[in-house]
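Residue-level listing of the chains:
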Amino acid sequence: MGVWQLPDVRQALVNREFGRMCQLIRQHGGIRQDDIAALTGLSQAFLSMLESGARKLTNIDKIIQLLDGLQAPPELTGPMLRPSIHHQLRGSASTALSRR
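Note that the structure is a prediction, hence the values are computed from the model and not measured.

*Asks:* I keep staring at the overall build of the protein chain and nothing clicks. Help me out?
*Replies:* The helix and strand tally for the protein chain stands at seven helices and zero strands. Counting helices and strands in the order they occur from the N terminus, the protein chain gives α-α-α-α-α-α-α. The buried share of the protein chain, reckoned over its 100 residues, is 36%. A fraction of 42% describes how many contacts in the protein chain between residues 6 or more apart in sequence connect residues 24 or more apart.

Structure (structure tokens):
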């Protein structure tokens, strides 16, 4: 998603403002809340509350679920928030090393 290159989206992620981040991704990406719900497995109702500020996203598993579903670049999140990507990268590195 090209939205990850946009400074306001990146800043929302850095600040861990996940509701704002979702709003910006929807605005810039031209997608709906139910699209984000389908991508992430989080409910549309939860996303609505997150975006409105009625809920905060503090559960690490749900943060990971959101970031994985939105395909946040690992260089913006770090391996702790994207363990599935981290394991894939480590696996790729191990495979590349074993071929030498």
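From this point, the narrative continues.
*Asks:* For this particular structure, what's the right way to read unusual backbone geometry?
*Replies:* Negative phi values dominate among residues other than glycine, just as trans dominates among peptide bonds. The backbone phi angle of Arg16 is positive, close to 60°, even though this residue is not glycine. In this structure, Gln71 is a non-glycine residue whose phi angle is positive, near 55°. The class of Gln71 is exposed, set by a relative accessible area of 55%.

*Asks:* Explanation requested: the side chain of Glu51 in the structure shown.
*Replies:* Looking at the secondary structure, you find Glu51 in helix 4 (residues 44-52). Accessibility expressed as a relative area gives 11% for Glu51, which makes it buried. Polar contacts involving the side chain of Glu51 include one to the side chain of Arg26, which spans 2.8 Å.

*Asks:* For this particular structure, what's the right way to read the environment of Leu24?
*Replies:* Following the sequence through the fold, Leu24 ends up in helix 2 (residues 18-29). The class for Leu24 is buried, based on a relative accessible area of 2%. Separated by 27 residues in the primary sequence, Leu24 and Glu51 place their C-alpha atoms 9.8 Å from one another. Ignoring sequence-local partners within four residues, the contact set of Leu24 consists of Asp8, Val9, Ala12 and Gly29.

*Asks:* When you look at the nonpolar core in this model, what are you seeing that I'm missing?
*Replies:* The nonpolar side chains of a soluble globular protein tend to be buried with one another. By size, the foremost hydrophobic cluster in this structure holds 24 residues, and its most contacted members are Trp4, Phe18, Met21, Ile25, Leu47 and Leu66. Elements supplying a minimum of two residues to this core: helix 1 (7-14), helix 2, helix 3 (33-40), helix 4 and helix 5 (60-69). With residues up to four places along the chain from it excluded, the contact list for Leu66 reads Phe18, Met21, Cys22, Ile36, Thr40, Leu42, Leu47 and Leu57.

*Asks:* For this particular structure, what's the right way to read the packing of helix 2 against helix 5?
*Replies:* Geometrically, a packed helix pair is captured by the angle between its two axes and the distance between the axes. Following both chains from N to C, one finds helix 2 and helix 5 inclined at 15°, their axes separated by 12 Å at the closest point. Comparing their axes, helix 5 and helix 2 come out roughly parallel. The handedness of the crossing between helix 2 and helix 5 is left-handed. Across the interface between the two elements, Phe18, Met21 and Cys22 from helix 2 touch Ile63, Leu66 and Leu67 from helix 5. Considering only residue class, the contact of helix 2 with helix 5 consists of six nonpolar, no polar and no charged.

*Asks:* What should I look at first to understand the pattern of salt bridges in this one?
*Replies:* Once the charged atoms of two side chains with opposite charge are near each other, the side chains can pair. Overall, the coordinates contain three salt bridges when judged by the stated rule. The partner of Arg26 in a salt bridge is Glu51, and the shortest N-O contact between them spans 2.8 Å. Of this pair, Arg26 sits in helix 2 while Glu51 sits in helix 4; the two residues are 25 residues apart in sequence, bridging distant segments of the chain. Between Arg32 and Asp35 there is a salt bridge, with its nearest N and O atoms 3.5 Å apart. By relative accessible area, which is 51% here, Arg32 ends up exposed. Put simply, Arg32, Asp34 and Asp35 are held in one network by salt bridges that share partners.

Cut-offs and rules
Residues numbered from 1 in each chain as written. Predicted model: local features only at pLDDT ≥ 70, side-chain atom pairs only at ≥ 80, totals over all residues. Heavy atoms only, no water. Helix = DSSP H or I, 4+ residues; strand = E, 2+ residues; numbered from the N terminus. Buried < 20%, exposed > 50% of the residue type's maximum accessible area, 1.4 Å probe, protein only. Contact = heavy atoms within 4.5 Å. Polar contact = N/O pair within 3.5 Å; in protein donor to acceptor, adjacent residues only side chain to side chain. Core = buried A, V, L, I, M, F, W, Y, C linked by side-chain atoms within 4.5 Å. Axes fitted to C-alpha atoms, helices over the stretch in contact; angles between N-to-C directions. Parallel < 35°, antiparallel > 145°, perpendicular 65-115°, else oblique. Left-handed = near helix turned anticlockwise from the far one by under 90°. Nonpolar A, V, L, I, M, F, W, Y, C, P; charged D, E, K, R; others polar. Salt bridge = Lys/Arg side-chain N within 4 Å of Asp/Glu carboxyl O.

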